[in-house]
Amino acid sequence: MGVEVSTNRLWARAAELDIARMLFVNMLDRERADFYRALEQIKRAFGPHAVATEIPIGVEQDVEGVIDLVDMKAFRQQSAERGGWSEIAIPEEHAERAQEYREKLMDEICEVSDSLMERYLEGEEISHEEIVDALKEGTTTARSSQSCAACDAQPRHLAAARRDRRGPPSPVKHGAFRVGEVELEPSEEKELFAYVFKTRADPFAGRINLLRIYQGVLSADSHVLNTRAHVKERIGQLLVFAGKDVRHVHEFGPGDIGAVAKLKETRAGDWLASRDEPIEMPRLKLPAAVMAFAIQPKSRGDEEKVFASLRRLQEEDPTIDLHRDQQTGEQIVAGLSQVHVEVVVDRLRDSFGVEVTLQPPRVPTRRRSAARPRRTAGTRSSRAGRGQFGDCHIEIEPLPVGEDFEFVDKIKAA
């Protein structure tokens with residue numbers, strides 16, 4: 001598909017936040033997929049300094065491996081398992097193209113450093129570590145507040161066919177990050193500040209919060225403060241997700257991204273810190289739900305389980321709207337599209353083991369009175385030999401169209 005609208009939006013947002021960026025070209029085994037066409041689109045969209053670190057071996061469904069341009073080595077995929085790659089000689093039919101794109105890569109790398117440029121022009125071999133360090137420098141954005149001899153006005157960008165083993169530059173190179181009145185430095189010696197950017201609903205572990213460390217160190221089996229709820233949270237195990245695999249670590253430092261399970265009050269958008277500091281990221285304005293369905297459990301007795309599971313999914317995805325229609329009594333689930341709601345149904349089945357049916361919600365109807373009914377009621381009582389009575393006369397008539405809500409407001413106010 002090449003560069004899409006969402007790619008441009010994310011790139012612009014990263015540029016606005018002054019974040020180093022890299023690009024990943026995926027799905028090269030799909031029909032009509034073309035890595036080199038995608039690379040040219042990247043250059044047109046984001047600048048001529050986009051450079052590939054790997055190129056594919058084969059096209060479309062015949063893609064069988066990649067050529068690593070950093071070390072000039074070829075790898076073929078033997079199986080779909082992690083690590084199922086073996087090193088092979090660069091195929092002769094791809095040798096010329098590999099050398100061409102290796103030279104383009106080295107041209108960009110050498111522009112990062114004058115000393116590298118001189119050595120490269122003199123024919124001296126550039127080591128793997130030097131190339132990797134130059135790539136990291138190249139993905140660092142130039143900032144007006146900090147001059148950088150290794151950067152020019154445009155950051156270098158890289159595109160990867162399979163994976164990028166070199167990683168982005170250290171957050172230390174970005175320097176301090178200001179959130180409101182608080183300035184956070186990527187230093188392990190400072191007090192902890194970690195931002196929870198996503199909440200996941202797991203059927204076994206419960207609520208899992210994904211976070212990024214901006215300052216300080218977050219250790220396992222420690223206590224932190226939630227700056228929104230003003231409560232202390234206990235940090236148990238620290239988790240790192242790699243696809244379906246999960247591993248445990250002892251601590252996270254500045255720039256690390258990981259997860260913590262079973263926090264009681266913490267959700268997406270919260271800060272965890274060493275002290276109760278008033279700090280808040282700008283809130284995203286989420287779109288309102290536009291497609292609604294009435295939802296019912298397929299099995300009787302699953303009502304409580306269904307709606308408890310929906311509440312957990314709502315914590316993960318705040319664009320899901322779940323409410324009861326007061327007029328029809330139906331439970332309504334709404335999302336950004338029909339596909340969005342269908343994905344919610346699939347998640348209920350696959351993750352929480354409950355099945356539901358979707359139906360169009362009933363539309364409540366109201367009838368308008370055409371006459372003016374009049375009712376009279378009276379009451380009489382005797383006290384100390386004296387009779388007391390009272391009469392009440394009520395007359396109802398329809399209001400003009402458009403004044404119904406004003407009438408309801410008056411009743412509520414009364």
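About the criteria used
Residues numbered from 1 in each chain as written. Predicted model: local features only at pLDDT ≥ 70, side-chain atom pairs only at ≥ 80, totals over all residues. Heavy atoms only, no water. Helix = DSSP H or I, 4+ residues; strand = E, 2+ residues; numbered from the N terminus. Buried < 20%, exposed > 50% of the residue type's maximum accessible area, 1.4 Å probe, protein only. Contact = heavy atoms within 4.5 Å. Areas by Shrake-Rupley, 256 points an atom, 1.4 Å probe, with all protein chains shown as cover. pLDDT = per-residue confidence, 0-100. Expected span 1.5 Å × (residues − 1). Pairing = 2+ DSSP bridges. Axes fitted to C-alpha atoms, helices over the stretch in contact; angles between N-to-C directions. Core = buried A, V, L, I, M, F, W, Y, C linked by side-chain atoms within 4.5 Å.

1. So, the overall build of the chain
Each helix and strand in the chain was counted, giving eight helices and 25 strands. Every one of the 414 residues in the chain was classed for burial, and the buried ones make up 35%. Pairs at least 24 residues apart make up 60% of the contacts formed inside the chain by residues separated by at least 6 positions. For the chain, the computed accessible surface area is about 26,200 Å², with 49% contributed by carbon and sulfur atoms.

2. A look at the confidence of the model for the chain
On average, residues of the chain score 80 in pLDDT, and 85% of them are at 70 or above. Confidence drops under pLDDT 50 across residues 407–414; counting only partners more than four residues distant or on other chains, this segment forms one contact.

3. Comments concerning helix α3 (residues 92–112)
Look at α3: 31 Å from first C-alpha to last across 21 residues, which is about the 30 Å you get at 1.5 Å a residue. Of all the residues in α3, the buried ones are H94, A98, Y101, R102, L105, M106, E108, I109, C110 and V112. Looking at the buried side of α3, the elements it contacts are α2 (35–46), β2 (50–52), β3 (54–57), β4 (65–68), α4 (114–121) and α5 (128–138).

4. Comments concerning the sheet that holds strand β23 (residues 356–359)
Here we have four strands laid out as an open sheet, ordered β21-β22-β20-β23, and antiparallel in their pairing. Since the sheet does not close on itself, it has two edges, and those belong to β21 (321–324) and β23, each with one partner. With strand direction ignored, the average angle separating the axes of adjacent strands in the sheet is 35°. Across the face of the sheet, helix α6 (residues 303–316) comes into contact with β20 (291–297), β21, β22 (331–335) and β23 while running at roughly 145° to β21. Most of the contacts of helix α7 (residues 338–352) go to β20, to which it runs at about 25°, and overall it touches β20, β22 and β23.

5. Observations regarding the environment of I394
One can find I394 in strand β25 (residues 386–395). Given a relative accessible area of 46%, I394 falls into the partly exposed group. Note: C-alpha distance between I394 and R375 (19 residues apart in sequence) is 5.2 Å.

6. Details of the nonpolar core
Counting 31 residues, the largest nonpolar core has F35, I55, I67, L69, L105, I109 and I131 as the members making the most contacts within it. Secondary structure elements with two or more residues in this core: α2, β2, β3, α3 and α5. Within the second largest apolar cluster, 17 residues are counted, among which are A201, V344, V345 and V356.

7. Quick word on the environment of G253
Looking at the element boundaries, G253 is found in the loop between β17 (251–252) and β18 (257–261). Its relative accessible area of 8% is what places G253 among the buried residues. Along the backbone, G253 and G216 are 37 residues apart, and their C-alpha atoms lie at a distance of 6.3 Å. Among residues more than four places away in sequence, those in contact with G253 are I213 and G216.

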